[in-house]
Amino acid sequence: MNANIMNVDYSTKIPNNVNLSEDRQVLKALEGWHPGYMDWWGDMGPEGFQQSLVYLRTAYSVDPRGWAKFDYVKMPDYRWGILLAPQEDNRVIPFGEHYGEPAWQEVPGEHRATLRRLIVIQGDTEPASVEQQRHLGKTAPSLYDLRNLFQVNVEEGRHLWAMVYLLQKYFGRDGREEADELLRRRSGDADSPRMLGAFNEATPDWLSFFMFTYFTDRDGKMQLHSLAQSGFDPLSRTCRFMLTEEAHHMFVGETGISRVVQRTCEAMLSAGISDPSDIAGVRALGVVDLPTIQKKLNLHYSLSLDLFGSEVSTNAANAFNAGIKGRYHETQIKDDHRLQGSTYPVLKLVDGVIRRVDEPALTALNMRLRDDYTQDCVKGLLRWNKIIQLAGYDIKLTLPNVAFHRQIGEFRDIHATPDGVLIDDAAWNRRKNEWLPSPDDGHFIASLMTPVTEAGAFAPWISPPKVGIDNKPGDFEYVKIET
């Protein structure tokens, strides 16, 4: 294996393992884009803390056995790099009409527009989440959590660089224009919002952040897995390394929610509260009650389901046939990888009833990926429910029905309860605050969000983690806040 591919060149302004120093045209284009990126980071990256030393990991290699090193760095000095997973010798396209043919190293002309759009949509989500999370530093429950927020932010920034490299190298003037647009759009902006709905929502508090990194970053994981199967090899290699980093983002979400649940259960036990639905009693202890955690879960899960698009989609079928975007773990699936004549069950609204209907598997690819996503989400719920059960409480966190609170797809025009019972507008308006966070819930959570900046200390609504980052001790100073 070429050692240059495995290790990262930090001698240029833009760290990379793609031989940028010999790719003068692309290097020039990226160096031209760099000041705009730094302006964007200054305007829309984490508010405050830009001069703080943060204990961050930086990739020095793409070898999965050891690829990151930790050190203190000021975020504007972070080395955002372009890192592709090692090239597989003789890789072939693993699905679609080109199944078994050599993977493409350049963009096939007939698929140029489709590939560009997929790269732009993925690229747009990366800076969007940084923008959504930019105010959270001011209310971090600990230096450990503050550091994790900033780690997620700088890596989302790196993922933007990864997509911009593909646009600049393979899509000429169109790609350069799209790269500039990625810096122009803003999350939640009335005139030029980000491209996908969940990425224009506010992330007002740390419970929202943990839910976002658990549920919405997990959608990103599924999309990256699908693109990692792509017949366009540079995209496949880019996504494969992004997935290595993305795992930490979902870890932050899963353990964050675990720690909130743990703290709530401990507080209820020590106060002698036997009924977890005694919301006022639990809130008086200064922790988040489990019914409100369930409401936040309902919101973020349903918003994330919308990111998969319509259950039945000719676009998804065309991208699969073309060899551009595959299925989750495509190469492990035991079928012909062409899906001619295959079917897949899709949940649809038929005569006012939710039913499973067999659809051609090619057009049902979004549904299949969403089902894979739901199965992946369940793992965290099992862990959270185990914490509740071990504390002796008879309440379970659950995923709501896929028809609940949807803006895209089969169920966008109806209302359903979290159990999947169809209800009319009047009943929805009367009861929606039972299932989704109300303004009062938001105010209560906001009232808990007081920052804790002493090393080793944690806000009273969240438990400390079991293990430190990079195995550091509990009182490690993860962020050296300038005074």
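Thresholds, definitions, all that
- Each chain carries its own residue numbering, running from 1 in the written order of its sequence.
- Totals for whole chains, interfaces and linings use all residues, but because this is a predicted model, local features are given only for residues with pLDDT of at least 70 and pairs of side-chain atoms are given and counted only at 80 or more.
- The basis for the side-chain values is all heavy atoms of the structure; hydrogens and waters are excluded.
- Stacked, edge-to-face and tilted are the three classes for Phe, Tyr and Trp ring pairs, Trp counted by its six-membered ring, which pair at centre distances within 6.5 Å; planes under 30 degrees apart are stacked, over 60 edge-to-face, the rest tilted.
- Secondary structure elements are taken from DSSP: a helix is a run of H or I of four residues or more, a strand is a run of E of two residues or more, and numbering for both begins at the N terminus.
- Partly exposed residues are those whose accessible area sits between 20% and 50% of the maximum for their type, while under 20% is buried and over 50% is exposed, using a 1.4 Å probe and protein chains only.
- Any two residues having at least one pair of non-hydrogen atoms within 4.5 Å are treated as being in contact.
- Here, a salt bridge means any side-chain nitrogen of Lys or Arg that lies within 4 Å of a carboxyl oxygen of Asp or Glu.
- Strands are labelled as partners when DSSP assigns at least two bridges between them.
- Axes, fitted as lines to C-alpha atoms, cover a helix only where it is in contact. Angles between the N-to-C directions of the axes lie from 0 to 180 degrees.

J.: Is there a simple way to think about the packing of aromatic side chains in this case?
T.: Here a ring pair, both rings aromatic, is described through the centre-centre distance and the interplanar angle of the planes. Taken as a whole, this structure holds 31 aromatic pairs when the rule is applied. Look at Tyr-37 and Trp-80: their rings are 5.0 Å apart centre to centre, the planes differ by 75 degrees, and that puts the pair in the edge-to-face class. Of the two residues, Tyr-37 is situated in helix α2 (residues 24–44) and Trp-80 in the loop between β2 (68–74) and α3 (112–132); the sequence distance between them amounts to 43 residues. Judged by its relative accessible area of 0%, Tyr-37 is buried.

J.: Whenever I open this one, the side chain of His-300 confuses me. Can you help?
T.: Relative to the helices and strands, His-300 is located in helix α9 (residues 290–306). Take His-300: its relative accessible area is 8%, and that puts it in the buried class. Setting aside anything within four residues of it in sequence, one finds His-300 in contact with Ser-208, Met-211, Phe-212 and Phe-215.

J.: Got a minute to help me understand the pattern of salt bridges in this structure?
T.: On inspection of all chains with the given rule, the structure shows 30 salt bridges. Between Lys-138 and Glu-47 there is a salt bridge whose closest N-O contact spans 2.9 Å. Here Glu-47 lies in the loop between α2 and β1 (53–59) and Lys-138 lies in the loop between α3 and α4 (143–170), a separation of 91 residues in the sequence. For Lys-138, a relative accessible area of 44% corresponds to the partly exposed category. One salt bridge in this structure joins Glu-330 and Arg-327, with 2.6 Å as the shortest N-O distance.

J.: Would you explain the environment of Leu-84 in this entry?
T.: Within the secondary structure layout, Leu-84 lies in the loop between β2 and α3. You can call Leu-84 buried: its relative accessible area is 3%. A C-alpha to C-alpha distance of 43 Å links Leu-84 and Ser-447, two positions 363 residues apart in sequence.

J.: Help me understand the sheet that holds β1, please; the structure alone is not making it clear to me.
T.: By definition, the strands of a sheet pair up through backbone hydrogen bonds, in either a parallel or an antiparallel sense. What the three strands build is an open sheet, ordered β2-β1-β7; its pairing is antiparallel. With one partner strand each, in any of the chains shown, β2 and β7 (479–480) form the two edges of the open sheet. Relative to β1, α4 is tilted by about 45 degrees, and along the sheet it contacts β1, β2 and β7.

Scope: geometric values only; no functional claims are made or implied.
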